[in-house]
Amino acid sequence: MRIISESVIKSNTGKTFAVKKGQIIRVIGESTADYVVFNLHDVKERFDQARTKVDQGKIYVTTGDVLISKYNNVMQTIVADTYRGSHDMEKGMCSTSFYKKWGKQIFGIYGGVWKRLGRKRGAAPKHGCWENLAKALRPYGVLKEDIPSPLNIFQTMVINAKTGSMRYSMTRPRPGGDHMDLRSEMDCLVGISACPEGGRGQDLRIVIYKP
């Protein structure tokens, strides 16, 4: 493969990437990547969780599946996925208001998570993925309120089939990171936030390449 660019997204920050038709973007990480896509030439056309789920008849995507826009166009195809869990398309993204409202309660319920992961629990983040993506996408004229609900890569949610309740799974990417590769089927503007995950989020590595 011919590498076009390599980048690191620091935890609780966001970046944007132009991924031309036929190019592949590889997301490598050990924690959640909040992932959104726009038509590079018309940012009004953007990734849509509902169309992606309905058109494929399922709530989880992996190798061979596609991300679909609000206009019902295929934006990207997942061509590789090494993660052992499932990628979330039900939960939205964290934000300042989320942590102000739920931060203490989340830490109270999931306090054992940090201990099992061998990490210390810190204070609730002061901002989240919504703010990260808003800052990164602002130069392209994307309004904060027009950022779509993301594909949460490497975030497994356990969903109760009867009640619809959701909870976080302990399925984590492998040490050193799993990866997902997505091939652009149109010229795309990709926005990615390295989710703080309430204080346990890690940096992400991004590689754009041509097969």
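These numbers come from a predicted model, not from an experiment.

About the cut-offs
- Residues numbered from 1 in each chain as written.
- Predicted model: local features only at pLDDT ≥ 70, side-chain atom pairs only at ≥ 80, totals over all residues.
- Heavy atoms only, no water.
- Buried < 20%, exposed > 50% of the residue type's maximum accessible area, 1.4 Å probe, protein only.
- Helix = DSSP H or I, 4+ residues; strand = E, 2+ residues; numbered from the N terminus.
- Pairing = 2+ DSSP bridges.
- Core = buried A, V, L, I, M, F, W, Y, C linked by side-chain atoms within 4.5 Å.
- Contact = heavy atoms within 4.5 Å.
- Salt bridge = Lys/Arg side-chain N within 4 Å of Asp/Glu carboxyl O.
- Lys, Arg positive; Asp, Glu negative; His and termini not counted.
- Polar contact = N/O pair within 3.5 Å; in protein donor to acceptor, adjacent residues only side chain to side chain.
- Phe/Tyr/Trp six-rings, centres within 6.5 Å; stacked < 30°, edge-to-face > 60°.
- Lys NZ or Arg CZ within 6 Å of the ring centre and 35° of its normal.

J.: Would you take a moment to explain the pairing of strand β13 (residues 204-210) for this structure?
T.: Consecutive side chains of a regular strand alternate in pointing toward one face of the sheet and then the other. Of all seven residues in β13, five are buried; the element is thus mostly enclosed. The sheet contact formed by strand β1 (residues 2-9) and β13 spans seven bridges and is antiparallel. Paired with glutamate 6 across the bridge in β13 is valine 207. Note: strand β3 (residues 24-29) against β13, six bridges, orientation antiparallel.

J.: Please explain the nonpolar core as it appears in this structure.
T.: Taken as a class, soluble globular proteins show a tendency for nonpolar side chains to be buried jointly. Counting residues in each nonpolar core, the largest one holds 28 residues, and the members touching the most others are Ile25, Tyr35, Leu151 and Ile192. Residue assignment for this core shows that the elements contributing at least two residues are β2 (14-19), β3, β4 (33-39), β7 (74-81), β8 (151-153), β11 (178-184), β12 (188-194) and β13. Looking at this core, the element that brings in the most residues is β12, giving four residues. Here tyrosine 35 is in contact with Ile25, Val27, Leu67, Gln76, Pro150, Leu151, Ile153, Leu182, Val190, Gly191 and Ile192, once residues within four sequence places are set aside. Tyr99, Cys129, Ala134 and Leu189 belong to the second-largest nonpolar core, a separate cluster that totals 13 residues.

J.: Explain the pattern of salt bridges here, please?
T.: Close approach of charged atoms allows side chains with opposite charge to pair. One pass over the structure, following the stated rule, counts eight salt bridges. For the salt bridge of aspartate 181 with arginine 26, the shortest nitrogen-to-oxygen distance reads 2.8 Å. Note that aspartate 181 is positioned in strand β11 and arginine 26 in strand β3, a separation of 155 residues in sequence. Owing to a relative accessible area of 1%, aspartate 181 belongs among the buried residues under this scheme. Residues arginine 174 and aspartate 178 are paired through a salt bridge, measuring 2.6 Å at the closest nitrogen-oxygen approach. Judged by relative accessible area, which is 35%, arginine 174 ranks as partly exposed. Looking at aspartate 178, the relative accessible area reads 2%, which means it is buried.

J.: What's the story with the side chain of aspartate 88 in this structure? I'm lost.
T.: Looking at the element boundaries, aspartate 88 is found in the loop between β7 and α2 (96-109). Notably, aspartate 88 is buried but unbridged: the nearest opposite-charge side chain belongs to lysine 91, and the N-O separation is 6.6 Å. A polar atom in the side chain of aspartate 88 sits 3.0 Å from the backbone nitrogen of glutamate 90. At a separation of 3.0 Å, a polar atom in the side chain of aspartate 88 contacts the main-chain amide nitrogen of lysine 91. Among all residues touching aspartate 88, those that are not within four sequence positions of it are Pro150, Leu151, Asn152, Gln155 and Met157.

J.: How should I be thinking about the side chain of serine 184 in this particular structure?
T.: Inspection of the secondary structure puts serine 184 in strand β11. Here serine 184 is in contact with Val19, Lys20, Lys21, Gly22, Gln23, Met75 and Gln76, once residues within four sequence places are set aside.

J.: Hey, could you run me through the packing of aromatic side chains in this one?
T.: The relative placement of two aromatic rings is captured by the distance of their centres and the angle of their planes. Counted according to the given criterion, the structure contains one aromatic pair. Taking 5.6 Å as the distance between ring centres and 70° as the angle between the ring planes, the aromatic pair formed by tyrosine 83 and phenylalanine 154 counts as edge-to-face. You can see tyrosine 83 sitting in the loop between β7 and α2 and its partner phenylalanine 154 sitting in the loop between β8 and β9 (157-159), a full 71 residues away along the chain. There is no split in this pair, since tyrosine 83 and phenylalanine 154 are both buried. Cation over ring: lysine 144 sits above tryptophan 130, and NZ or CZ is 4.6 Å from the ring centre.

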